[in-house]
Amino acid sequence: MNGLGGRALGRRLCGSVALAASALALSAGSAGAVPAFAAQTGQACNACHIGGFGPELTPFGRNFKAGGYTLRVTKWNVPLSAMAVASYVHTQKDQAGGAAPGYSANDNVTLDQASVFVAGNIGSHFGAFIQTTYDGVAKAFHWDNTDIRAVTTTSVKGNSVILGASLNNAPAVEDPFNTLVAWGFPYTSSSLAPGAPAAPIIGAYAQEAIGLTGYAWINSSIYLEAGGYQSPGINFLRRGGVDPFSPGDISGTAPYARIAFQKVMGDKNFEVGAFGFWADLYPGRDRSAGATDHYADTGVDASFQYFLADHDVITVNGRWVHEDETFNASFPLGLSTNRNDSMDELRGQVSYYWRDKIGLTVAPFYITGSADSLLYGSRTGKPDTTGVFLQLDGTPWGASNSPLGRRFNLRLGLQYVIYNRFAGSSHNYDGAGANASDNNTLRAFAWVAF
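Residues numbered from 1 in each chain as written. Predicted model: local features only at pLDDT ≥ 70, side-chain atom pairs only at ≥ 80, totals over all residues. Heavy atoms only, no water.

Colleague: Describe in detail the overall build of the protein chain, supporting the description with residues and values.
Modeller: On a plain count of helices and strands, the protein chain comes out with 6 helices and 17 strands. Along the first, second and third principal axes, the C-alpha set of the protein chain runs to 60 × 45 × 40 Å. A buried classification covers 57% of the 450 residues belonging to the protein chain. Contacts in the protein chain between residues far apart in sequence, at least 24 positions, make up 67% of those at least 6 positions apart. Carbon and sulfur atoms make up 64% of the accessible area of the protein chain, which amounts to about 16200 Å² in all. Measuring between centres, the 30 positive side-chain charges of the protein chain sit 6 Å from its 34 negative side-chain charges. (Helix = DSSP H or I, 4+ residues; strand = E, 2+ residues; numbered from the N terminus. Buried < 20%, exposed > 50% of the residue type's maximum accessible area, 1.4 Å probe, protein only. Contact = heavy atoms within 4.5 Å. Areas by Shrake-Rupley, 256 points an atom, 1.4 Å probe, with all protein chains shown as cover. Lys, Arg positive; Asp, Glu negative; His and termini not counted. Charge placed at Lys NZ, Arg CZ, Asp CG, Glu CD.)

Colleague: Before we move on, can you summarise the pattern of salt bridges with the specific residues and values?
Modeller: Enumeration over the complete set of coordinates arrives at 16 salt bridges. As a salt-bridge pair, Arg443 and Asp112 come within 3.2 Å of each other at their nearest N and O atoms. Here the residue Arg443 occupies a position in strand β17 (residues 441-449), and Asp112 occupies one in strand β2 (residues 108-122), the gap between them amounting to 331 residues. The same class applies to Arg443 and to Asp112, which are both buried. In this structure, the salt-bridge partner of Lys382 is Asp384, at a minimum N-O distance of 3.4 Å. By relative accessible area, Lys382 is classed as partly exposed at 27%. (Salt bridge = Lys/Arg side-chain N within 4 Å of Asp/Glu carboxyl O.)

Colleague: How would you explain helix α4 (residues 59-66) if you had to name every residue and give the values?
Modeller: In terms of residue burial, α4 counts as a mostly covered element, since 6 of its 8 residues are buried. If you check which residues of α4 are buried, you get Pro59, Gly61, Arg62, Phe64, Lys65 and Ala66. Downstream of α4 by a residue or two, Gly68 has a phi angle that is positive, lying close to 80°.

Colleague: Describe the environment of Arg238, and please don't skip the residues or the numbers.
Modeller: For Arg238, the position within the fold is in helix α5 (residues 234-239). Taking C-alpha positions, Arg238 is 8.9 Å from His142, a pair spaced 96 residues apart along the chain. Not counting residues within four places of it along the chain, the set of residues in contact with Arg238 comprises Pro244 and Phe245.

Colleague: Tell me about the pairing of strand β13 (residues 340-354), and please be specific about residues and values.
Modeller: Summarising the sheet, strand β12 (residues 313-327) and β13 pair through 14 bridges and their orientation is antiparallel. Within β13, the position partnered with Glu323 by the bridge is Met343. In this antiparallel pair of consecutive strands, β13 and strand β14 (residues 358-369), the connection spans 3 residues, and Arg355 shows a positive phi of 55°. (Pairing = 2+ DSSP bridges.)

Colleague: I'd like to hear about the side chain of Ser336, residue by residue, with values.
Modeller: As for its placement among the helices and strands, Ser336 is situated in the loop between β12 and β13. At 2.9 Å, the side chain of Ser336 forms a polar contact with the backbone oxygen of Asn338. With residues near it in sequence (within four places) discarded, Ser336 still touches Phe327, Ser330, Phe331, Asp372, Leu374 and Leu375. (Polar contact = N/O pair within 3.5 Å; in protein donor to acceptor, adjacent residues only side chain to side chain.)

Colleague: Report on the pairing of strand β10 (residues 268-283), specifying residues and quantitative values.
Modeller: Sheet topology places strand β8 (residues 248-250) next to β10; 3 bridges connect them, and they run antiparallel. Within β10, the position partnered with Asp249 by the bridge is Tyr282. Relative to β10, strand β9 (residues 254-265) runs antiparallel, the two being bridged by 10 bridges. For Arg258, the partnering residue across the bridge sits in β10 and is Phe275.

Colleague: Help me get a handle on the packing of aromatic side chains, residues and values and all.
Modeller: For the coordinates displayed, the defined rule picks out 27 aromatic pairs. Between the aromatic rings of Trp143 and Phe236, the centroid separation amounts to 5.5 Å while the plane-to-plane angle is 85°, which identifies the pairing as edge-to-face. With Trp143 in strand β4 (residues 140-156) and Phe236 in helix α5, the pair connects residues that are 93 residues apart, well separated along the chain. Assessed through its relative accessible area of 38%, Phe236 is described here as partly exposed. Measuring from centroid to centroid gives 5.0 Å for Phe422 and Tyr429, while their planes differ by 50°, and the two rings are tilted. Taken as a pair, Phe422 and Tyr429 share a single burial class, namely buried. Residue placement shows Arg287 over the ring face of Tyr282; its charged tip is 4.1 Å from the ring centre. (Phe/Tyr/Trp six-rings, centres within 6.5 Å; stacked < 30°, edge-to-face > 60°. Lys NZ or Arg CZ within 6 Å of the ring centre and 35° of its normal.)

See below:
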């Protein structure tokens, strides 16, 4: 897209700003508002989620997730939920060739995604969050966020410790904080909107890998996790509805590590942490070079939440990721100009929610990296992309007072994305006269969960 080259496309995080894509890989963005959990815990959505809607978690929600989704106050409930996200998307200038196959160059209305969740527990030691999604833009089904857990609780020298294991399909999808790529802002996005042309590799493995991690949650304060991810076979990924060739086949196991510290101080809490993901991969599953590319993603993150009177909430989230890249396969295959590159990503988010109903979010982003004309394909040969997300949203029934029953929830929102730089330049980034501001995007969305 926009002349940026196949290799850069393979490394994109799907969703508007390559977060979670968010966002995650083939879906239209992160999704974590699951009414089945509300029915299981007997709590309103705003007990677990900031603003009365997922996926940003409160301390209660973080404990519920770290506890393996096993907390239950009801005898039984149907462990199924569903959600749908629809959008209107307008870009400052028409998108060459159309926003996607079957869509016009601008002013599109679409069903971004529709998902079904299996979400619940079996006894006090097993729980799961399993999502299957229909991509309304690609018009295809795919497996989505999956987190299957086994947990136990013990005491070590007077400290309460939850020990758990997670079988999952995306690095950081099991993380209880909303700072890493799997559950970071924007919590919903559309694949019809332009997105950053490159991002660290850790996000590109959403639904492209299977991982097993073990963790400890000590006194609801210290979070320790380690594990590894492997690439499933081509047929498995095809059946799962995802591209088996992008970003590449992991050689052996890619280690993942995470540490975080949370401190709750009455109506305030903060978190600081660090994480790492290291992968050797065959680009596009091409083994002809007899070598692998090596990616080392390391970063730090932090969050702050302040619960004011009358259910007003202020939240701040941020992360920085540094990626070192060694292209021992891509370089001889002619896919990269350099044998060694690097990339840095910095993202922040400040939100204010009034009465857990009306939210305003400002979320700047900054991506920079080495110039590599073959890797990125743009005029500048650089991935540098900067801008800011603005979002206004409303959630009328986060306190479970919906006229359609406690399981129904709704969020309506407006997003506006401003690009100051795109693919290395503010002006003429593609060599054909395109400016970064041409990608500025207005999106109106409706997000329903039940």
